[in-house]
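# Structural features, examined
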Amino acid sequence: MNLSQARAALSDARRVAVLTGAGISAESGIPTFRDAQTGHWARFKPEDLASPEAYFRDPALVWEWYAGRYRDVMAATPNTGHTLLAQLERQKADGFFLATQNVDGLHARAGSERLVELHGNLTTARCEVCGHIEDLPSPQDFTPPPVCSRCGGRMRPNIVWFGEFLPEQALQASADAFAAADVALVIGTSGVVYPAAGLAFETLERGGTVIEINPDETELTPHLSFSLRDTASKGLATLTEED
Ligand code: OAD
């Protein structure tokens, strides 16, 4: 498949499913995980910060890291990549579905609604005692750990950590949408964390087209229909803008 065929496939598609990863928020100034210089996992070990064991061992350290990321995300704004996906959703209406691995909430802030956040959300916390989920106080008023407004229990980051299950309904809805998609877009993800990375195969196995947007080759690239070697914002503009 070449670029003009990819553009035509997306334009003609009745059902479009999109998977995004940290790369789509890079242009908003938010670090990715696996960038060799700036990525979170270049500086920290995931098992020291993003696992139930890490939280059990040192909840203050884990909260400190998430609180810092929360502040950074609240100071950032959605970029053209987020906005173009919200625009694509308006064009495809109920034929559109967006699954993100990102926890930064930027898709929702850009106007995406047919959206599931597979790995949770940095801007909320979940009660360890009663399961209640609530927004964090504004960054300037926030001192972790938050306390549940319902039961007074300690709250944890509302994030899916390594070794934890993804929210079942969100994952099922994503698998269904990717299986039904005429065209799937895989944007700004290294494609190494499953089950999210496996969604592209749901589309491919049923004869759909999968287009990647990523400046670099990924684990998924060899399997996909077409790869656009560009940033999320430029790649989405190339794919969606009319002549
Ligand atoms: P990664 O950091 O693994 O990958 C980011 C991808 O974005 C890479 O393939 C980059 O080449 C690409 N990229 C960088 N800049 C870009 C840009 N401007 N436009 C488009 N792409 C760009 O991030 P994820 O794939 O999202 O999970 O990581 C998946 C999961 O692993 C995360 O949700 C997180 C992490 O550990 C948890 O924390 C549970």
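As the structure is a computational prediction, the values presented were derived from the model and not from experiment.

## Digging into the site of the ligand
Near the ligand you find 23 residues, and of these R34, H119, T189, S190 and N214 are the closest. Separating an oxygen atom of the ligand from a side-chain N or O atom of H119 is a distance of 2.7 Å. One of the side-chain N or O atoms of S190 is found 2.5 Å from an oxygen atom in the ligand. Residues of the shell around the ligand, tallied by class, amount to 9 nonpolar, 11 polar and 3 charged. Residue assignment places the shell around the ligand across two domains, with domain 1 (3-30 + 78-119 + 166-240) and domain 2 (33-75 + 122-159) each supplying three or more.

## Quick notes on the state of the cysteines
Taken as a whole, this structure holds 0 disulfides when the rule is applied. Just so you know, C151 is unpaired, no disulfide at all, and the nearest cysteine sulfur is the one on C127, 3.5 Å from it.

## A few points about the packing of helix α7 (residues 80-92) against helix α11 (residues 232-240)
What describes two packed helices is the angle between their axes and the distance between those same axes. Running from N to C, α7 and α11 point in directions that differ by 30°, and their axes come no closer than 8 Å. The pairing of α7 with α11 is recorded here as roughly parallel in orientation. The chirality of how α7 crosses α11 is left-handed. Each of T80, G81, L84, L85 and L88 in α7 lies in contact with α11, whose residues at this interface are S233, L236, A237 and T240.

## As for the UniProt feature "active site" (unreviewed entry) in the chain
The positions that UniProt labels "active site" (unreviewed entry) are, in the present scheme, H119. As for its placement among the helices and strands, H119 is situated in the loop between β3 (115-117) and β4 (120-127). Those residues in contact with H119, other than ones at most four positions away along the chain, are T100, Q101, V103, N158, I159, V160, L166 and V193. Looking at H119, its side chain comes within polar contact range of the main-chain oxygen of Q101, at 3.4 Å.

## Points about the pattern of salt bridges
One pass over the structure, following the stated rule, counts 5 salt bridges. Of the charged contacts in the structure, one is a salt bridge between D48 and R57, with a shortest N-O distance of 3.7 Å. The exposure class assigned to D48 is partly exposed, which follows from its relative accessible area of 32%. Ionic pairing is found between E202 and R206, a salt bridge with its closest N-O pair at 3.3 Å.

## Observations concerning the nonpolar core
Within the largest apolar cluster, 25 residues are counted, with the highest numbers of intra-cluster contacts made by W63, Y66 and W161. Of all the secondary structure elements, the ones that give two or more residues to this core are α5 (52-57), α6 (59-75), β4 and β6 (155-159). Per-element accounting of this core gives the leading share, 7 residues, to α6. Summarising the domain contributions, this core has at least three residues from each of domain 1 (3-30 + 78-119 + 166-240) and domain 2 (33-75 + 122-159). Sequence-distant contacts of W161, that is, excluding residues within four places in its chain, are made with L49, A50, S51, P52, Y55, V62, Y66 and R156. Counting residues in hydrophobic clusters, the runner-up holds 24 residues, among them A6, I24, F96 and I187.

The rules behind these values
Residues numbered from 1 in each chain as written. Predicted model: local features only at pLDDT ≥ 70, side-chain atom pairs only at ≥ 80, totals over all residues. Heavy atoms only, no water. Near = heavy atom within 4 Å. Polar contact = N/O pair within 3.5 Å; in protein donor to acceptor, adjacent residues only side chain to side chain. Nonpolar A, V, L, I, M, F, W, Y, C, P; charged D, E, K, R; others polar. Domains from an automatic or database assignment. Disulfide = S-S within 2.5 Å. Axes fitted to C-alpha atoms, helices over the stretch in contact; angles between N-to-C directions. Helix = DSSP H or I, 4+ residues; strand = E, 2+ residues; numbered from the N terminus. Parallel < 35°, antiparallel > 145°, perpendicular 65-115°, else oblique. Left-handed = near helix turned anticlockwise from the far one by under 90°. Contact = heavy atoms within 4.5 Å. UniProt positions renumbered as here; feature names shortened; annotations may be inferred. Salt bridge = Lys/Arg side-chain N within 4 Å of Asp/Glu carboxyl O. Buried < 20%, exposed > 50% of the residue type's maximum accessible area, 1.4 Å probe, protein only. Core = buried A, V, L, I, M, F, W, Y, C linked by side-chain atoms within 4.5 Å.

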